[in-house]
Amino acid sequence: MNQLLRKLLTLAAPAAALVLVLATMASAHVTVSPAESATGAWETYTLKVPSEKDAATTQVDLRIPQGAEFKQYEASPGWDVTIEGNKVSWIATGKGIQAGQFQRFYFTAKNPDAAGALAWNAYQHYADGSVVEWSGEEGSETPHSITEIVQAAGGDSHSGMAMDHSSMNMGESQTDKGQEKPATPAAVYVALGVSILSLLLAIAGLFRSPHA
């Protein structure tokens with residue numbers, strides 16, 4: 001029995017490690033939330049920026065998607081904000097975001113009047129001079145965030161304006177709470193399913209083996 005347990009642990013360890021790696025990758029992306037908002041609403045968005053390298057993140061450029069209108073931003077200590085056309089940049093005045101840390105930036109944008117998808121392309125600058133472009137499609141190594149714009153209830157395209165303006169004073173949109181999602185959760189679930197299936201097949205193979 002001890003030999004069987006050792007074999008099972010040996011087979012399960014690589015699969016578990018793979019799941020942990022994929023989960024870390026999925027949660028470490030630069031993201032914009034919420035994942036869903038209403039047409040025409042003034043939405044308070046949250047830009048979450050983790051530092052994945054040993055070097056600090058010193059600047060983040062965010063492209064405002066076509067159809068959305070940038071309106072306001074919340075000041076963040078240690079960061080300057082510049083606006084050039086549809087590009088909004090947060091530039092560190094100090095050490096920036098250190099390895100193992102993350103920073104949230106808040107801004108308000110008016111959503112398009114028509115339903116559709118907003119793709120948020122972000123460009124993360126590190127102190128070592130490297131730039132990570134979060135502009136790929138879902139499932140890629142560096143995906144952009146997507147916000148689905150759905151038709152406002154009752155056809156009132158400004159129904160969320162009062163709520164979002166009040167939440168700006170609180171420093172966090174109510175729609176952001178509990179809605180931050182990993183950029184690629186499907187990869188984690190697929191890996192977990194494959195790992196469990198592999199483990200079950202391995203167990204069946206051990207019991208069929210005459211040496212088990």
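A short tour of the structure in this document, coming up. (Residues numbered from 1 in each chain as written. Predicted model: local features only at pLDDT ≥ 70, side-chain atom pairs only at ≥ 80, totals over all residues. Heavy atoms only, no water.)

1. Some words on the overall build of the chain
Tallying secondary structure elements over the chain gives three helices and 11 strands in all. Taken from the N to the C terminus, the helices and strands of the chain come in the order α-β-β-β-β-β-β-β-β-β-β-β-α-α. Per-residue burial for the chain yields a buried fraction of 40% across its 212 residues. Taking all contacts inside the chain whose residues are at least 6 apart in sequence as the whole, residues at least 24 apart take part in 73%. By element, 57% of the accessible surface of the chain is carried by carbon and sulfur atoms, the whole surface being about 11600 Å². (Helix = DSSP H or I, 4+ residues; strand = E, 2+ residues; numbered from the N terminus. Buried < 20%, exposed > 50% of the residue type's maximum accessible area, 1.4 Å probe, protein only. Contact = heavy atoms within 4.5 Å. Areas by Shrake-Rupley, 256 points an atom, 1.4 Å probe, with all protein chains shown as cover.)

2. Details of the nonpolar core
Generally speaking, nonpolar side chains in soluble globular proteins are found buried as a group. By size, the foremost hydrophobic cluster in this structure holds 26 residues, and its most contacted members are Y45, L47, L62, W90, F107 and W120. Elements supplying a minimum of two residues to this core: β3 (42-50), β4 (57-63), β6 (79-84), β7 (87-92), β8 (102-110), β9 (116-126) and β10 (131-134). If one sorts the elements of this core by residue count, β9 sits on top with four residues. Here F107 is in contact with V32, E43, T44, Y45, L47, L62, I64, F70, Q72, Y73, W90 and W120, once residues within four sequence places are set aside. (Core = buried A, V, L, I, M, F, W, Y, C linked by side-chain atoms within 4.5 Å.)

3. So, the pattern of salt bridges
The final tally for this structure, using the stated rule, is three salt bridges. Between E84 and K87 there is a salt bridge, and its shortest N-O distance comes to 4.0 Å. Two residues, K110 and D113, come together in a salt bridge whose shortest N-O distance is 3.3 Å. Given a relative accessible area of 14%, K110 falls into the buried group. (Salt bridge = Lys/Arg side-chain N within 4 Å of Asp/Glu carboxyl O.)

4. As for the sheet that holds strand β5 (residues 69-73)
Within the open sheet, the four strands sit side by side as β1-β3-β8-β5. Their pairing is antiparallel. The two strands at the open ends of the sheet, each matched to only one other strand, are β1 (31-33) and β5. If you compare each strand with its neighbour and ignore which way they point, the axes differ by 35° on average. Note: β1 against β3, three bridges, orientation antiparallel. Following the sheet pairing, S33 is matched in β3 by T46. (Pairing = 2+ DSSP bridges. Axes fitted to C-alpha atoms, helices over the stretch in contact; angles between N-to-C directions.)

5. A word on the pairing of β8
Relative to β8, β3 is paired through nine bridges, and the arrangement is antiparallel. Its bridge partner lying in β8, E43 is registered against A109. Bridging between β5 and β8 involves four bridges; their strand directions are antiparallel. Paired with E69 across the two strands is K110, which belongs to β8.

6. What to know about the pairing of β10
Burial of β10 is one-sided: the residues V132 and W134 facing one way are buried, the residues V131 and E133 facing the other way are not. The pairing of β9 with β10 spans four bridges and is classified as antiparallel. Bridging across to β10, Q124 finds its partner in V132. Adjacent in sequence and paired antiparallel, β9 and β10 are bridged by four residues, among which G129 carries a positive phi angle near 95°.

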